[in-house]
Amino acid sequence: MTTDTARTTNADIVAGQKEFLLPAMLHMYSEPLALAEGKGVRVRDADGKEYLDLFSGILTTSLGHCHPHIIERVTEQMGRLGHVSTLYATEVQVEAARRLAEIAPGKLRRTFFSNSGTEAIETALMMASIHTGRSEIIALRMAYHGRSFMATSVTAHGSWRPLATRVAGIHHTLAPYSYRCPFKQPCDDSCAEAFAQDVEEVIATSTNGQPAAFIAETIMGVGGYVVPPPSYFARVAEIIHGYGGLLIIDEVQAGFGRTGRWFAIEHFGVEPDIMVMAKGIAGGFPVGATITTDEIAASWKGKTISTFGGNPVCMAAMCATLETMVQENVPANAEARGRELQVGLEALQKKYPWIGDVRGMGLMRAMELVEDPQGKKPDTRRTSALLEACRDEGLLLGQGGMWGHCLRIGPSLLVTADEIAEGLEKLGRACERVNG
Ligand SMILES: Cc1ncc(COP(=O)(O)O)c(C=O)c1O
C-alpha cells in the first residue's frame, strides 16, 4: 500500500456521495467512511488512516484485498478476452462451473452464473417455480436474501423492505434463533423439531398446501449470524419434500470455506435441491451462482441469458480464488482462526454483562448486545457506539441483527493468528470505551 493517499479527502468523497448517489444507501457510521486502497486485511481511508478490516466488504474479499493470484489471473484474462455474454461458451466459465460442481454437495452440478447474490436468489426462486409448477414460497422471519422485488419479499426485516407492494405467495416461518428460542432456555437440539413444526404449520395454515420451495440462509447473516440447532435443516428438508417442494439454501454469506467446510450446509448433513452463492466466491468480483441438479436444470425449457453473467474476467477471479483456497487449505485456516476469535469474544463476554451472546461458525462470528442478560432487551444504541469506537481504534467490523444490536465479524479467510489477536485487542479497547 502506498502512503500518498491524501489527494482527495474523506470529506470531498462523502460530499460527492451525498450529492450524486441515492440517499437510501446505507452507511454504518454516523459519517460515511471513504476507503481508498487495501492490501490483505489492511485498508486505508482517503485521509490516509489505516484500518484492520475484519468485515472484508461484507464477507466478500475472502482472500483479502488485492490478492496477487487474483490480480494475475484477472489481468491475464482481461488482456485476452474481457466480455462475451452467456450467448457464447468460454473455457474459463466451464472451468469455474466444473470446479464448483466438484466441491458442491451431492448431485448439485449445473450452474447459472449471474452478477450478485440478489440475481442468484431470483434465479433459484424462478427455477423452483418452473420445476414444481407452483408459486408459493416459505422463508424465514429475519431472513435477508437481497434487494430486488422478489428478494426483498422473501427477506423478512421490516427495515430492508421498501414501502412498496410485496410479491404475493410468500410466507414466513419462525427463525431458528436459539438465543431467543420461544420453546426452551437454554435452547438445544430438541427445539429443532418445534422450529421445524412451524414450517409445517405455515404450509397448512397459510398456503394452498403446494409450496414450490422453502428458502433459508444456512447461517442468517444480516440477522446476526443465527446458527440453527443441528437437526433443523434435516427436519425441514423432510417436511418440504413431503409436500413436493424444493429446499433452496442461500450460502451467499456462509459459503465458500468461511465456516471451515466448503459450504455451511455440510455441517447439517443436508443436500439442498438448489444452492445459491455470491460474495466471497470470486474474492471481490461480482459473481452470483445458482447451482442445481441435472433433473431440476432440465425443467427450465424457456430461454434465458445474462449479458454480464459468467463474464470471463469475473470467472478468472473465481477460479483464482478457488485455486488459492485449495492450495492453501483456506477452510482449515477459517476454522482455526474462528476458534481463536470465539475464545477471545467469550473472554469479553465474561467481562461485560451487556454482551448477551457470542456465536457463529468459522470466520463468521457475532456478539449480540443486550441491555440486561436476563431480559435480553436488544441494545442498538451501545452497538452503534461500539462500532464507532472500533472505527476510532482503526478496526472495521459490521453491524446486524433484527434491531441492529449485533456486531458482526467476517474477515478474509487468510487472516493470521496475529491479526485476530490484534483485532481482539482493538475490540477490547473499544468495549472499554463504551462500557458504563
Ligand atoms: C444471505 C444473503 N443472500 C443474498 C444477499 C444478496 O446479495 P447481493 O448484495 O450480492 O445482491 C445477501 C447480501 O448481503 C446475503 O447476505
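Criteria and cut-off values
Residues numbered from 1 in each chain as written. Predicted model: local features only at pLDDT ≥ 70, side-chain atom pairs only at ≥ 80, totals over all residues. Heavy atoms only, no water. Near = heavy atom within 4 Å. Polar contact = N/O pair within 3.5 Å; in protein donor to acceptor, adjacent residues only side chain to side chain. Areas by Shrake-Rupley, 256 points an atom, 1.4 Å probe, with all protein chains shown as cover. Nonpolar A, V, L, I, M, F, W, Y, C, P; charged D, E, K, R; others polar. Domains from an automatic or database assignment. Contact = heavy atoms within 4.5 Å. Buried area = accessible area lost by both parts, 1.4 Å probe. Phe/Tyr/Trp six-rings, centres within 6.5 Å; stacked < 30°, edge-to-face > 60°. Helix = DSSP H or I, 4+ residues; strand = E, 2+ residues; numbered from the N terminus. Buried < 20%, exposed > 50% of the residue type's maximum accessible area, 1.4 Å probe, protein only. Salt bridge = Lys/Arg side-chain N within 4 Å of Asp/Glu carboxyl O. Expected span 1.5 Å × (residues − 1). Core = buried A, V, L, I, M, F, W, Y, C linked by side-chain atoms within 4.5 Å. Pairing = 2+ DSSP bridges.

**Describing the site of the ligand**
Inference 1: Neighbouring the ligand are Ser116, Gly117, Thr118, Tyr144, His145, Gly146, Glu217, Asp250, Val252, Gln253 and Lys279.
Inference 2: Thr118 has a polar side-chain atom sitting 2.5 Å from an oxygen atom of the ligand.
Inference 3: Note that an oxygen atom of the ligand is positioned 2.8 Å from one of the side-chain N or O atoms of Gln253.
Inference 4: Starting from 390 Å² of accessible surface for the ligand in isolation, the protein chains cover 85%.
Inference 5: Here the shell around the ligand is composed, by residue class, of two nonpolar, six polar and three charged.

**Brief notes about the domain arrangement of the protein chain**
Inference 1: Here the domain parsing of the protein chain yields domain 1 (10–66 + 329–434) and domain 2 (68–327).
Inference 2: Relative to domain 2, the C-alpha centre of domain 1 lies at a distance of 24 Å.
Inference 3: With 41 residues of domain 1 in contact, the opposing surface of domain 2 contributes 40 residues.
Inference 4: Here domain 1 and domain 2 share an interface that buries about 3100 Å² over both sides, 61% of which is from carbon and sulfur atoms.

**Some words on the packing of aromatic side chains**
Inference 1: Counted according to the given criterion, the structure contains seven aromatic pairs.
Inference 2: Measuring from ring centre to ring centre gives 5.1 Å for Phe183 and Phe195, while their planes differ by 75 degrees; the resulting arrangement is edge-to-face. One end of the pair, Phe183, is in the loop between strand S6 (170–173) and helix H7 (191–206); the other, Phe195, is in helix H7, and 12 residues separate them in sequence.
Inference 3: Owing to a relative accessible area of 42%, Phe183 belongs among the partly exposed residues under this scheme.
Inference 4: We classify Phe195 as buried; its relative accessible area is 0%.
Inference 5: Taking 6.0 Å as the distance between ring centres and 70 degrees as the angle between the ring planes, the aromatic pair formed by Phe256 and Phe263 counts as edge-to-face.
Inference 6: Here Phe256 falls in the buried class, since its relative accessible area comes to 3%.

**Regarding the pattern of salt bridges**
Inference 1: In the structure shown here, the tally under the stated rule is 27 salt bridges.
Inference 2: Its salt-bridge partner being Arg99, residue Glu95 comes within 3.2 Å of it at the nearest N-O pair. In this pair, Glu95 and Arg99 both sit in helix H4 (residues 91–103), four residues apart, roughly one turn of the helix.
Inference 3: Where Glu393 meets Arg429, a salt bridge forms, and the shortest distance between an N and an O atom there is 2.9 Å. Here the residue Glu393 occupies a position in the loop between helix H12 (380–392) and strand S13 (395–396), and Arg429 occupies one in helix H13 (residues 417–434), the gap between them amounting to 36 residues.
Inference 4: Bridged by salt links that share partners, the residues Asp392, Glu393, Glu425, Arg429 and Arg433 form one connected network.

**A few points about the environment of Ala151**
Inference 1: Mapped onto the elements, Ala151 comes out in helix H6 (residues 149–154).
Inference 2: By relative accessible area, Ala151 is classed as buried at 0%.
Inference 3: It is 6.4 Å that separates the C-alpha atoms of Ala151 and Thr118, two residues lying 33 residues apart in sequence.

**Considering unusual backbone geometry**
Inference 1: The linkage connecting Gln185 with the following residue, Pro186, adopts the cis geometry, with an omega of -10 degrees.
Inference 2: Tracing the chain through its elements places Pro186 in the loop between S6 and H7.
Inference 3: Positive phi, close to 55 degrees, is recorded for Cys66, a residue that is not glycine.
Inference 4: Its place among the elements puts Cys66 in the loop between helix H2 (56–59) and helix H3 (68–80).
Inference 5: Accessibility expressed as a relative area gives 42% for Cys66, which makes it partly exposed.

**Remarks on H13**
Inference 1: For H13, built from 18 residues, the straight-helix expectation of 26 Å at 1.5 Å per residue is met to within 8% by its first-to-last C-alpha distance of 26 Å.
Inference 2: Along H13, the positions that sit buried rather than exposed are Glu419, Ile420, Gly423, Leu424, Lys426, Leu427, Gly428, Ala430, Cys431 and Val434.
Inference 3: Among the residues trailing H13, Gly436 stands out with phi positive, at a value near 85 degrees.

**Details of the nonpolar core**
Inference 1: Ranked by internal contacts, the top residues of the largest apolar core, which has 107 residues, are Leu100, Phe214, Phe256, Met318, Leu386 and Leu427.
Inference 2: In terms of residues, this core owes the most to one element, helix H10 (residues 312–327), which gives 10 residues.
Inference 3: When residues no more than four places from it in sequence are discounted, the contact partners of Phe214 are Ile138, Leu140, Thr173, Val199, Tyr232, Val236, Ile240, Leu246, Leu247 and Ile248.
Inference 4: Judged by nonpolar contacts, the second largest core, of 23 residues, contains Ala120, Ala151, Ala212 and Val252.

**Description of the sheet that holds strand S1 (residues 35–39)**
Inference 1: With mixed pairing, the four strands of this open sheet are ordered in space as S1-S2-S3-S13. Looking at the sheet topology across the chains shown, the edges are occupied by S1 and S13.

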